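As a plain string of letters, each chain reads:
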Amino acid sequence: MFKDFLNKNLPIKSQAKYVEFGYGQVEPNHLSAQRNAQIYAQLPANKDIEILENGQFVKYDYAANGNGIGEVNFTGEGEWMLVYNEIKLYRDHYDGSKQWDCEFAMIKDDYQARVYSPYDWEHTEVEYGGRFWNGVDEKGQTYKLINQTVSADQGLKTVTIAGRVYDVDETGKFTYDGNEYTLDSNHQVANVPVKYYYDKVLTDVPDMYEMNWTNDPYHKLGIYHEKFMESGTSMVPRVFKTMIGDLYTTNMINEETLAVGDKLSPSAATKGILSKTGDDSMTWQVVKVYTMPDGQKGVKVMRIK
């Protein structure tokens with residue numbers, strides 16, 4: 001059969017037994033989240049999750065990691081949430097036809113998200129700035145002197161000191177701040193007195209439109225930083241909270257055969273895939289057995305618990 005041919009030759013395989021070829025799919029017949037807006041897409045998937053197919057269930061575990069970010073996983077507290085990502089497919093088949101929905105799943109290797117929030121609330125901005133935003137310190141110096149080891153850049157033709165690049169000649173010598181230095185056998189020079197100049201970011205001329213104008217550095221907002229996601233996490237799935245009475249059509253079920261009346265639930269053991277041997281924390285009942293839009297077998301399920 002053509003379905004068997006696709007299942008054998010497509011390089012993509014679902015985690016669920018009921019899927020005949022490609023990945024799991026969801027047809028949202030009647031999902032409350034589309035009306036009550038209980039749709040969530042803020043938490044990154046756990047670093048060990050390599051793939052999330054539409055129709056899987058996950059825990060929206062905000063308390064995970066204890067860092068205010070949390071994660072999507074299969075073991076957290078709370079209710080199971082339905083994974084229903086927007087299908088993003090942009091290629092054409094060789095015959096010119098568009099990709100099928102069954103070719104989409106959220107695969108970790110396809111996502112490179114790094115920044116969780118543009119503002120890191122754990123390392124907040126210095127509300128009244130550093131001490132030397134007006135360009136000088138308490139002694140009138142315009143820079144801070146720090147002895148540090150300088151190493152050659154990749155290629156061994158330059159060194160970077162305090163953000164500036166200096167040329168290294170064929171004998172390993174370079175000049176910094178009027179002094180000549182020679183790189184050792186490890187392409188380094190120790191105890192180089194490096195000058196870090198203070199930035200002058202405050203104005204000295206009053207602005208008539210600024211009621212609280214001041215050139216006092218203690219009244220200048222400082223620098224803030226991004227809040228990065230946990231190491232190893234790179235994708236943020238969209239999940240739906242479901243309600244009793246919700247209906248959707250899917251083939252993302254970890255069973256070989258299904259009949260009207262079968263009761264299904266997700267579990268951590270099946271990676272959130274519905275099955276007859278789930279954890280019973282929520283229950284979906286098969287109310288109709290028919291097909292998916294691409295001709296695969298599928299079922300309509302209704303949440304009854």
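Placed above this text is the structure.
Description of the structure in this document. This is a predicted model, so every value here is computed, not measured. (Residues numbered from 1 in each chain as written. Predicted model: local features only at pLDDT ≥ 70, side-chain atom pairs only at ≥ 80, totals over all residues. Heavy atoms only, no water.)

In this section: the overall build of the protein. Per the secondary structure count, the protein includes two helices and 20 strands. Considering only residue pairs separated by 6 or more positions, the protein has 64% of its internal contacts joining residues 24 or more positions apart. Approximately 18,200 Å² of the protein is accessible, and the part contributed by carbon and sulfur atoms is 50%. (Helix = DSSP H or I, 4+ residues; strand = E, 2+ residues; numbered from the N terminus. Contact = heavy atoms within 4.5 Å. Areas by Shrake-Rupley, 256 points an atom, 1.4 Å probe, with all protein chains shown as cover.)

Here we have five strands laid out as an open sheet, ordered β1-β17-β20-β19-β18, and antiparallel in their pairing. Taken across any chain shown, the strands that pair with only one partner, and hence form the sheet edges, are β1 (26–30) and β18 (263–264). Bridging between β1 and strand β17 (residues 247–250) involves three bridges; their strand directions are antiparallel. Counted as the bridge partner of His-30 is Leu-247 from β17. (Pairing = 2+ DSSP bridges.)

The next thing to look at is the nonpolar core. Counting residues in hydrophobic clusters, the biggest one holds 32 residues, and the most contacted among them are Leu-52, Phe-57 and Tyr-248. Contributing elements (two or more residues each) for this core: β4 (57–61), β6 (80–83), β16 (239–240), β19 (284–291) and β20 (297–303). For this core, the element with the highest residue contribution is β6, accounting for four residues. Beyond its immediate stretch of four places on either side in the chain, Leu-52 contacts Ala-45, Val-58, Phe-74, Val-83, Ala-105, Met-106, Met-235 and Pro-237. Residues Ala-152, Val-159, Tyr-176 and Val-189 belong to the second largest nonpolar core, which totals 12 residues. (Core = buried A, V, L, I, M, F, W, Y, C linked by side-chain atoms within 4.5 Å. Buried < 20%, exposed > 50% of the residue type's maximum accessible area, 1.4 Å probe, protein only.)

Tallying each qualifying case throughout the model produces nine aromatic pairs. With 6.0 Å between their ring centres and 45° between their planes, Phe-57 and Trp-284 make a pair best called tilted. One end of the pair, Phe-57, is in strand β4; the other, Trp-284, is in strand β19, with 227 residues separating them in the sequence. Like Phe-57, the residue Trp-284 is buried in the burial classification. (Phe/Tyr/Trp six-rings, centres within 6.5 Å; stacked < 30°, edge-to-face > 60°.)

Purely geometric stuff here, so don't read any function into it on its own.
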